[in-house]
Amino acid sequence: QVQLVESGGGLVQPGGSLRLSCASSGTIFSINVMGWYRQVPGKERELVARITSGGSTSYADSVKGRFTISTNNAKTTVYLQMNSLKPEDTAVYYCNVETRTGLMFWGKGTLVTVSS
């Protein structure tokens, strides 16, 4: 069973930057979309950014201009570069991979805390 493992979370001051990584333990075939979601206690998980197999990207309005999603060429790792972080970006961040056949893979999440 392929697993997704996130890393790069931690504590950062407002205005700071973090880079999240999500690596797959094996090959996922027919990838359609790779994305990052986040969730805070008591709220639904929300989409932060996504990138299609063709390289098209989209972002939540709240992170546009501050976050950048990218992948390596082999599409085995997806990154989320987060700049100008705000306290409201504090959440557990999850990576997600969706295949063309409808399979969904989720990581276990990495905690990002933005606080002074």
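Presented here is an overview of the structure given in this document. (Residues numbered from 1 in each chain as written. Predicted model: local features only at pLDDT ≥ 70, side-chain atom pairs only at ≥ 80, totals over all residues. Heavy atoms only, no water.)

Here the structure, examined in full by the defined rule, presents four salt bridges. For E46, the salt bridge identified is with R38, shortest N-O distance 2.7 Å. Using a relative accessible area of 36% as the deciding quantity, one classes E46 as partly exposed. Put simply, D89 and R66 hold a salt bridge, and the shortest N to O gap is 2.7 Å. Note that D89 is positioned in the loop between strand 8 (77-82) and strand 9 (91-99) and R66 in the loop between strand 6 (57-59) and strand 7 (67-71), a separation of 23 residues in sequence. Of the residues examined, D89 reaches a relative accessible area of 1% and is grouped as buried. Here the salt bridges do not stand alone but share partners, grouping R38, E46, R66 and D89 into one network. (Salt bridge = Lys/Arg side-chain N within 4 Å of Asp/Glu carboxyl O. Buried < 20%, exposed > 50% of the residue type's maximum accessible area, 1.4 Å probe, protein only. Helix = DSSP H or I, 4+ residues; strand = E, 2+ residues; numbered from the N terminus.)

Bringing the nonpolar core into the picture now. In terms of nonpolar packing, the biggest core is built from 27 residues, with W36, V48, F67, L80, M82 and Y93 touching the most fellow members. Contributing elements (two or more residues each) for this core: strand 3 (18-24), strand 4 (31-39), strand 5 (46-52), strand 7, strand 8, strand 9 and strand 11 (110-114). Among the elements that line this core, the one with the most residues is strand 9, at four residues. Once residues within four sequence positions are removed from consideration, V48 is found in contact with W36, Y37, R38, S58, Y59, A60, V63, F67, L80 and Y93. (Core = buried A, V, L, I, M, F, W, Y, C linked by side-chain atoms within 4.5 Å. Contact = heavy atoms within 4.5 Å.)

As a further point, take the state of the cysteines. On inspection of all chains with the given rule, the structure shows one disulfide. Through a disulfide, C22 is tied to C95; the S-S separation comes to 1.9 Å. Of the two residues, C22 is situated in strand 3 and C95 in strand 9; the sequence distance between them amounts to 73 residues. Residues C22 and C95 agree in their burial class; the two are buried. (Disulfide = S-S within 2.5 Å.)

The next thing to look at is the packing of aromatic side chains. Tallying each qualifying case throughout the model produces one aromatic pair. The ring of Y94 is capped by R45, whose NZ or CZ atom sits 3.7 Å from the centre of that ring. Directly above the ring of W106 sits R45, whose terminal nitrogen or CZ lies 4.7 Å from the centroid. (Phe/Tyr/Trp six-rings, centres within 6.5 Å; stacked < 30°, edge-to-face > 60°. Lys NZ or Arg CZ within 6 Å of the ring centre and 35° of its normal.)

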